[in-house]
Amino acid sequence: MNEIILKCENLHKYFPLPAEGELKVLRGLDLEIVSQSSTGIIGVSGSGKSTLLHILGSLDSPTKGKIFYEEKEMNKMSDEKLSNLRNAHFGFIFQFHYLISELTVIENVMLPYFIKTNRQNNGYAEKLLSDVGIFERKDYYPNQLSGGELQRAAIARALMNKPKIIFADEPTGELDNENAGKVFELLLNMVNKYKSSLIFVTHNNNFAKDLQKTYRLYLGQLEKI
Ligand SMILES: Nc1ncnc2c1ncn2[C@@H]1O[C@H](COP(=O)(O)OP(=O)(O)OP(=O)(O)O)[C@@H](O)[C@H]1O
Ligand SMILES: [Mg+2]
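What counts, and at which threshold
Residues numbered from 1 in each chain as written. Chains lettered and ligands numbered in written order. Predicted model: local features only at pLDDT ≥ 70, side-chain atom pairs only at ≥ 80, totals over all residues. Heavy atoms only, no water. Near = heavy atom within 4 Å. Polar contact = N/O pair within 3.5 Å; in protein donor to acceptor, adjacent residues only side chain to side chain. Areas by Shrake-Rupley, 256 points an atom, 1.4 Å probe, with all protein chains shown as cover. Nonpolar A, V, L, I, M, F, W, Y, C, P; charged D, E, K, R; others polar. Buried < 20%, exposed > 50% of the residue type's maximum accessible area, 1.4 Å probe, protein only. Helix = DSSP H or I, 4+ residues; strand = E, 2+ residues; numbered from the N terminus. Arc of directions from axis to C-beta. Contact = heavy atoms within 4.5 Å. Pairing = 2+ DSSP bridges. Phe/Tyr/Trp six-rings, centres within 6.5 Å; stacked < 30°, edge-to-face > 60°. Lys NZ or Arg CZ within 6 Å of the ring centre and 35° of its normal. Salt bridge = Lys/Arg side-chain N within 4 Å of Asp/Glu carboxyl O. Axes fitted to C-alpha atoms, helices over the stretch in contact; angles between N-to-C directions.

Caption draft 1: Geometry of the site of ligand 1. Within the structure, ligand 1 sits among Phe15, Leu23, Val25, Val44, Ser45, Gly46, Ser47, Gly48, Lys49, Ser50, Thr51 and His203. Backbone polar atom of Gly48 to an oxygen atom of ligand 1: 3.0 Å apart, as the coordinates give it. Between an oxygen atom of ligand 1 and a side-chain N or O atom of Ser50, the distance comes to 2.9 Å. Bound to the protein, ligand 1 loses 58% of the 640 Å² it would expose on its own. Split by residue class, the shell around ligand 1 holds 4 nonpolar, 7 polar and 1 charged.

This is the structure:
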């Protein structure tokens, strides 16, 4: 059964403007994410896509409104509870890979698991690396990888703790068209295989057709397209 795992109600986010007043980026936005689903969020630059994704992923807090993860209200959780929730249930992939340059690829992939359990799990990290097609790069350092390979490693890392939701903010934005398409397809296959939900933010309307639901963020609200 696919139940609602993440839900936000009447979400607002305002940023103070330098002189006076505030920039109202999100204005009363509602969204429901069900388990094992894929959701696209498109919108022009500056429309608030990253702001929304960060708030849904508990990396930032809303000015107003409620967010529920599995029916628990995230705004009411302590910082410690939230960071445990993030580490155990959420995975993140950004436009920049944010791999740690001093760690090898496999060490980077294992890091979320190490933070959670204080143990290593080479076997699972190797399995993920072979699924994303870079097993033979596992002992390389990030600066020895191509842009597409770095994003493949970031996908493996995001899946390491078997997350319920993967938040992806323009993960193909830095890649050429061919590689962007391949990484997008890979990400969809990986979330299907590992039964995560995907929330995928992009400028690229071409990706929308492969996602189960797509919304346009416009004037601080989501329109279904
Ligand atoms: N911390 C902040 N302080 C003030 N304003 C902010 C802050 N973060 C974002 N903004 C503003 O909020 C608006 C939305 O920004 P956001 O990064 O969410 O857009 P976006 O849709 O992700 O754009 P892009 O497609 O270029 O990544 C922008 O006008 C931005 O300048
Ligand atoms: Mg953005």
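Caption draft 2: Local environment of helix 4 (residues 122-131). Taken together, the buried positions of helix 4 are Tyr124, Ala125, Leu128 and Leu129. Buried residues in helix 4, looked at end-on, bunch into an arc of 135 degrees, giving them a common side. One or two positions beyond helix 4, positive phi appears at Gly133, with a value near 85 degrees.

Caption draft 3: Expanded view of the environment of Asn108. Here Asn108 is to be found in helix 3 (residues 105-117). On the basis of relative accessibility, which here comes to 2%, the residue Asn108 falls in the buried class.

Caption draft 4: Here's a closer look at the environment of His203. Secondary-structure assignment places His203 in the loop between strand 8 (197-202) and strand 9 (213-218). Put simply, His203 and Gly173 are 30 residues apart on the chain and 8.4 Å apart in space, counted from C-alpha to C-alpha. Ignoring any residue separated from it by four or fewer positions in sequence, one finds His203 in contact with Gly43, Ser45, Lys49 and Glu170. Polar side-chain contacts of His203 include one of 2.6 Å to the side chain of Glu170.

Caption draft 5: Structural view of the pairing of strand 8. Among the 6 residues that make up strand 8, 6 are buried, leaving the element largely enclosed by the rest of the structure. Of the two faces of strand 8, the one lined by Ser197, Ile199 and Val201 and the one lined by Leu198, Phe200 and Thr202 are each fully buried. Both strand 3 (residues 38-42) and strand 8 contribute to a ladder of 5 bridges, which runs parallel. By the bridge assignment, Ile41 is partnered in strand 8 with Val201. When strand 7 (residues 165-169) meets strand 8, the two strands line up parallel, connected through 5 bridges.

Caption draft 6: Focus on the packing of aromatic side chains. A complete count under the given rule lists 11 aromatic pairs for this structure. Geometrically, the ring pair formed by Tyr69 and Phe90 is edge-to-face, given 5.2 Å between the ring centres and 85 degrees between the ring planes. Of the two residues, Tyr69 sits in strand 4 (residues 64-69) while Phe90 sits in strand 6 (residues 90-93), which places them 21 residues apart along the sequence. Both rings, one in Phe96 and one in Tyr98, keep their centres 5.0 Å apart while their planes meet at 80 degrees; by these two values the pair is edge-to-face. By relative accessible area, which is 44% here, Phe96 ends up partly exposed. Here the aromatic cluster, defined as three or more aromatic residues joined through ring pairs, consists of Tyr69, Phe90, Phe92, Phe94, Phe96, Tyr98 and Phe167. When the ring centre of Tyr14 is taken as origin, the NZ or CZ atom of Lys24, which lies over that ring, is 5.0 Å away. Just above the ring of Tyr124 sits the side chain of Lys162; from NZ or CZ to the centre is 4.7 Å.

Caption draft 7: Spotlight on the pattern of salt bridges. Under the criterion given, the structure shown has 10 salt bridges. One salt bridge connects Glu9 with Lys7, and the closest N-O pair in it is separated by 3.6 Å. Overall, Glu9 belongs to the partly exposed group, its relative accessible area being 32%. In this structure, Lys209 engages Asp210 in a salt bridge whose closest nitrogen and oxygen atoms are separated by 3.6 Å. Judged by relative accessible area, Lys209 falls into the exposed class, the value being 68%.

Caption draft 8: Fine view of the side chain of Ser37. Within the secondary structure, Ser37 sits in the loop between strand 2 (22-34) and strand 3. Those residues within four positions of Ser37 in sequence are excluded, and the remaining contacts are Ser196, Ser197, Leu198 and Gln212.

Caption draft 9: Inspection of the sheet that holds strand 4 at higher detail. If you trace the 4 strands from one edge of the open sheet to the other, you get 2-1-4-5, paired in antiparallel fashion. Across the chains shown, the open sheet's two edge strands, defined by having one partner strand only, are strand 2 and strand 5 (72-73). Note that strand 4 and strand 5 share 2 bridges and pair antiparallel. In the sheet register, Phe68 faces strand 5, and the bridge partner there is Glu73. Across the sheet, helix 1 (residues 49-56) is in contact with strand 1 (4-16), strand 2 and strand 4; its angle to strand 1 comes to roughly 125 degrees.

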